[in-house]
Amino acid sequence: MATTHIKAPRTVRRMRFALVLVLLLLVTLMVRLVWIQGIDPANAAKAAVDARTTTQVIEPVRGDILDSEGQVLATSIVRYDLVVDQRQVKATYTKRDPVTKKRVSVDAVDDVNALADALGLDREAVSLAVFGKEGAAKKGYSVITKSITPEAKDKAEDVGFPYLQAIQTSQRSYPNGTLAGPLLGFMQTQLKETTDANGNKSTEEVSEGAEGLELSQNDALSGTPGERVYEKGADGVRIPSAPLTETAAVDGQDVKLTIDSDIQWRAMEAVMAKEKQFKAAWVNAVVMEVKTGRILALADSKSMDPNDPGATEAKYRTSTTVTQAIEPGSTGKIPTFALALDKGVVSPTSEFTVPNALKIGGETINDSLKHQTFDMTAAGVFARSYNTGTVQIGSKLTDQERYDFMRKLGIGSKIDIGLNGANAGLLADYKDWERRQRLTTMFGQGYTQTALHTASILQAVANDGVQVAPKLIDAYVDPDGTEHKTADGATQRVISSKTSATMRRMMETVVTDGTSTKMQIAGYRVGGKSGTAQAQGSDGKFDQHTSSFAGVVPIEDPQYLVVVTMQYPQGDWRTWSVGDTFTTIMKSVLSKNSVAPDSTEPNPFKVFVGENQKYGW
Amino acid sequence: MSALPLEHAAIEPAVEPERAHRGDKNGERTPLALVRPAARRRRRWPFVLMCVLVVAAVVGTVLVLNVSVSRTQYELVSLRSQQQALAQANGTLTEEINNRRAPQNLAKQAQAESMVPGGQPGVVDLGKGTVTAVASPAAADADAAQAAKDDELNVAVPLTPAERAAAVAKKQELARAATAEANAKAAKASGASTETAADSTAGEKDAASSGKAAADPETGKGTGAADESSSGIGFTKDQLNGGTIPAPSN
């Protein structure tokens, strides 16, 4: 009995001891648990999460550039880089034969050769990329070829080389080639070094707009990158139950232009033909909607293909219509006559004696073509573009009046339509005008402006005297298709409605009875002004010329204007004409936009004083 | 369940003597001590069965869930691949259409069909019933006639996607050749010790410094597995576009 008595407490003691031991262990565990989970001085939990967490940037899709009808001018396309991890490549491996369905041993060299043939690349080069140089360290990222099409990628993958990786990339594409190239600009890929929060430096390729609209609209086009944060296990596979936070990328907006691809093409065809005909340095054309200032075409005879900008001379990677300021020549008579009429110092029928050469203010002004002395109307002087008559009219205005008016029309200030490198033109302060410059500024010499300036001035004069700021960007289109129209161009009245009507009739006289009879278009009433300016050649001598024409149709209620400018034409100046260029472009604009032919007859002013209107040149 | 009490009742007498005997040995506490453990032992089997069933049910549910999750994953992979294949086909067709509808190509096609720009249009005023402007046939229009005479068009026709890809490849080839030549020259100039300089050919980057290396673990794994399952052959294109598990990608 005694043994059982002693035994029982021993069991109890043992049990108690075990219990205490277990409890102690439990308490230790609890303390440790609280220590790690609750207090966590080493931030272990965070470190663990950080180690598992991967952040992936979701690249937004760059917006397209569209023409006024939604045709794609610039877009992003999918391309692939083929790369290989040289460290993984084995000399032989097995794979299943597609025909016999049996596993066969394959020599890597055979597959690499087949791969090179499929890609149309040099076998040696591909082999070098896959296996690396003899003796050199194996690379984890070796490029076989870059930017191949999805079809080429499929072909390469069909070879069945197991170590081949295709990495998707995005490439900018301009499906219309040189059409509107200088407006669109191009992209540039640069290596950019970034430093993250931990001070780790990393370089990555960043593509940004480098020129033209790609540059100026970069913010709207590029969008905002998104982010995907997830946890992954040691094997690189995402842990499905772990939290996943995803901030979607906001794709870039499409930029919709006012450009009409068809008219742009027609204008380009015409100016390129003109450049060829007179071996000119360049020819450009501006097509604009008179009532809104919307630009339908900015055509350059030397046009860059944004897919390969390097092939074009740097000067022509931007549009000459906004970057090249030239002395306008006789189209520069438009401001002089418009202001003189608006101020009421002359009327279209005011009479002037117009000699071939005129001594005025200590300077002699000549006309380009020798002619007898005529008794002409002011409208006649404008139509026949006589400098000697023009300076008589311009002299009725003060220099300041003319200077202020030219400034108001925009000469000497940049026209911002979203194209970089816009040229302001040069217009010296009237106080600094030299004795001869006082007179030459009346007929378009001694100051410079771009073709777009000329278009904008004609627009103001033709549009009832109200100038509307030129506009190239019509709208921004969200990825969901919502269109945000840009604000209408700022307007300002530059001359009275009555002066505008008179100027239009005078411009019609130019085409019916003046210098520009070649610019007539059957069925429509055309008005405009031609200009042949003396131009400083690239050698600095004034031995070159600029020939231009600016015209509107229909003259009664102007809808469209076309300005054609030809720089440095060669050959006999008497043959230089941009008339057919103007009519070709204008006809395509009229027919594309279904402008009804005029039902009224032309209503020109009398050119000469008296009954006889038929005098030779 | 109604059978259980009956069963208990039937077993009870058989066990009773044994317990009674044990009870005799210890003395007084016989009746209560004997009955209780017997009752407990009899109820253990249903409890164990229940436990097994619960465990089986839990394991089964987890299994079913896992299977369905992985099945969905596979479905996801195949759908993603399908989506990518369709997007690729769509992209290719869009590229081709954009190229074909370029005005230069339209003009070329029109010219091939002997078309010329239209002449002067006539206009019928429906209100007044009059015709303004005399329509002229296209051939009679001076500009149109001139355009028809000029056989060649001035604006260069844009390259088709395939031609452009070929041009890009050619450029790369030239660049590669140029760097190879430069490397060879450099090697000649400074002896054989220029391994590192010659190693860095244009366009190739070290994995560590490249942003693209982030994609390495996933894709690297995919190709590693290909050793066993032969990528490229025996799979459709759709299947090739995805990985084993849809690791998040753009």
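Sequence order as written defines the numbering, with residues in each chain counted from 1. In the order they appear in the text, chains get letters beginning with A and ligands get numbers beginning with 1. Where local features are concerned, this predicted model is filtered to residues with pLDDT of at least 70; where side-chain atom pairs are given and counted, the filter is 80 or more; whole-chain, interface and lining totals use all residues. Side-chain metrics in this entry use all non-hydrogen atoms of the structure; hydrogen atoms and water are not considered.

Student: For this particular structure, what's the right way to read the sheet that holds strand β11 (residues 245-247) of chain A?
Tutor: Sheet strands associate in pairs through backbone hydrogen bonding, adopting either a parallel or an antiparallel arrangement. All names here are of chain A. Here a strand pair is declared whenever DSSP counts at least two bridges between the two strands. Here a helix means four or more residues in a row that DSSP labels H or I, a strand means two or more in a row labelled E, and each is numbered from the N terminus. One open sheet accounts for 3 strands, arranged β1-β10-β11; its pairing is antiparallel. Unpaired on one side and paired on the other, β1 (53-58) and β11 mark the two borders of the sheet. Across the sheet, the mean angle separating the axes of adjacent strands is 15° when strand polarity is ignored. Here β1 pairs with strand β10 (residues 226-231) via 6 bridges, running antiparallel. Its bridge partner being in β10, Gln56 is matched across the sheet by Arg228. Whether two residues touch is decided by their heavy atoms; if any such pair falls within 4.5 Å, the residues are in contact. Note on geometry: axes are C-alpha line fits, over the in-contact stretch for helices, and angles between N-to-C directions span 0 to 180 degrees. In this fold helix α2 (residues 44-52) packs onto β1 and β10, with an angle of close to 45° to the strand it touches most, β1.

Student: I keep staring at the packing of helix α3 (residues 108-119) of chain A against helix α4 (residues 123-131) of chain A and nothing clicks. Help me out?
Tutor: A pair of packed helices can be characterised by two numbers: the angle between their axes and the separation between those axes. All names here are of chain A. One can describe the packing of α3 onto α4 by two numbers: an axis separation of 9 Å at closest approach and a directional angle of 125°. What the angle tells us is that α3 and α4 run oblique. Of the two elements, α3 crosses α4, and the hand of that crossing is right-handed. Each of Ala108, Val109, Val112, Asn113, Leu115, Ala116 and Asp117 in α3 lies in contact with α4, whose residues at this interface are Arg123, Val126, Ser127, Val130 and Phe131. Following the grouping adopted for this structure description, the nonpolar residues are Ala, Val, Leu, Ile, Met, Phe, Trp, Tyr, Cys and Pro, the charged ones are Asp, Glu, Lys and Arg, and the polar ones are all others, Gly among them. Here the contact of α3 with α4 is built from residues that sort into 8 nonpolar, 2 polar and 2 charged. An angle counts as roughly parallel when it lies under 35 degrees, as roughly antiparallel when it exceeds 145, as roughly perpendicular when it falls between 65 and 115, and as oblique in every other case. Working rule for handedness: look at the near helix, and if it is turned counterclockwise from the far one by less than a right angle, call the crossing left-handed; if clockwise, right-handed.

Student: Even after reading the chapter, I still don't get the packing of helix α9 (residues 261-278) of chain A against helix α18 (residues 579-592) of chain A, so can you show me in this structure?
Tutor: All names here are of chain A. In the contact formed by α9 and α18, the axes pass within 9 Å of each other and the chain directions differ by 170°. Our classification of the angle between α9 and α18 gives roughly antiparallel. Where α9 approaches α18, its residues Asp262, Ile263, Arg266, Ala267, Ala270, Val271, Lys274 and Gln277 are matched on the opposing element by Asp580, Thr581, Thr584, Ile585, Ser588, Val589 and Lys592. A class-by-class count of the residues in the contact of α9 with α18 yields 6 nonpolar, 4 polar and 5 charged.

Student: In this structure, what is going on with helix α5 (residues 150-158) of chain A? I would like to understand it.
Tutor: Helical geometry: 3.6 residues make up each α-helical turn, so side chains three or four residues apart lie on a common side. All names here are of chain A. Relative accessibility thresholds used throughout: buried, under 20% of the residue-type maximum; exposed, over 50%; partly exposed, between the two (1.4 Å probe, protein chains only). The set of residues buried in α5 consists of Pro150, Lys153, Asp154, Ala156 and Glu157. The arc enclosing the buried residues of α5, seen along the axis, measures out at 160°, which places them on a common side. One or two steps after α5, the chain reaches Gly160, where phi turns positive at roughly 80°. Picture the helix axis, draw a direction to every C-beta atom, and the arc is the one those directions span.

Student: Before we go on, may I ask you to explain the confidence of the model for chain B in this structure?
Tutor: As a general rule, the predicted coordinates of low-pLDDT regions are not to be interpreted in detail. Averaged over chain B, the pLDDT score is 66; the fraction of residues at 70 or greater is 53%. This model gives residues 237-250 of chain B a pLDDT under 50, and the stretch forms 35 contacts once residues within four places in sequence are excluded. The pLDDT score gives, residue by residue, the confidence of the prediction method on a 0 to 100 scale.

Student: When you look at the pairing of strand β25 (residues 560-567) of chain A in this model, what are you seeing that I'm missing?
Tutor: Regular strands show a simple pattern: their side chains alternate between the two faces of the sheet. Residues and elements named next belong to chain A. For β25, the tally of buried residues reaches 8 of 8 residues, placing the bulk of the element in the interior. Every second residue of β25 is oriented toward a common face, with Tyr560, Val562, Val564 and Met566 on one face and Leu561, Val563, Thr565 and Gln567 on the other, all of them buried. As paired elements, strand β13 (residues 282-289) and β25 share 8 bridges and run antiparallel to each other. Bridged to Val286 within β25 is Val563. Here strand β24 (residues 544-553) pairs with β25 via 8 bridges, running antiparallel. Paired with Val552 across the bridge in β25 is Leu561.

Student: Looking at this structure, I do not really get the pattern of salt bridges. What am I missing?
Tutor: When their charged atoms lie close together, side chains carrying opposite charge are able to pair. Residue and element names in this part refer to chain A. Think of a salt bridge as a Lys or Arg side-chain nitrogen and an Asp or Glu carboxyl oxygen that are within 4 Å of each other. Scanning the model with the defined rule gives 30 salt bridges over all chains in all. The shortest N-O distance in the salt bridge between Glu231 and Arg52 comes to 2.9 Å. Residue Glu231 is located in strand β10, and its partner Arg52 is located in helix α2; the two are separated by 179 residues in the primary sequence. In this structure, the salt-bridge partner of Asp572 is Arg574, at a minimum N-O distance of 4.0 Å. Take Asp572: its relative accessible area is 40%, and that puts it in the partly exposed class. Shared partners join several salt bridges into a network, and the residues in it are Glu69, Asp260, Asp262 and Lys592.

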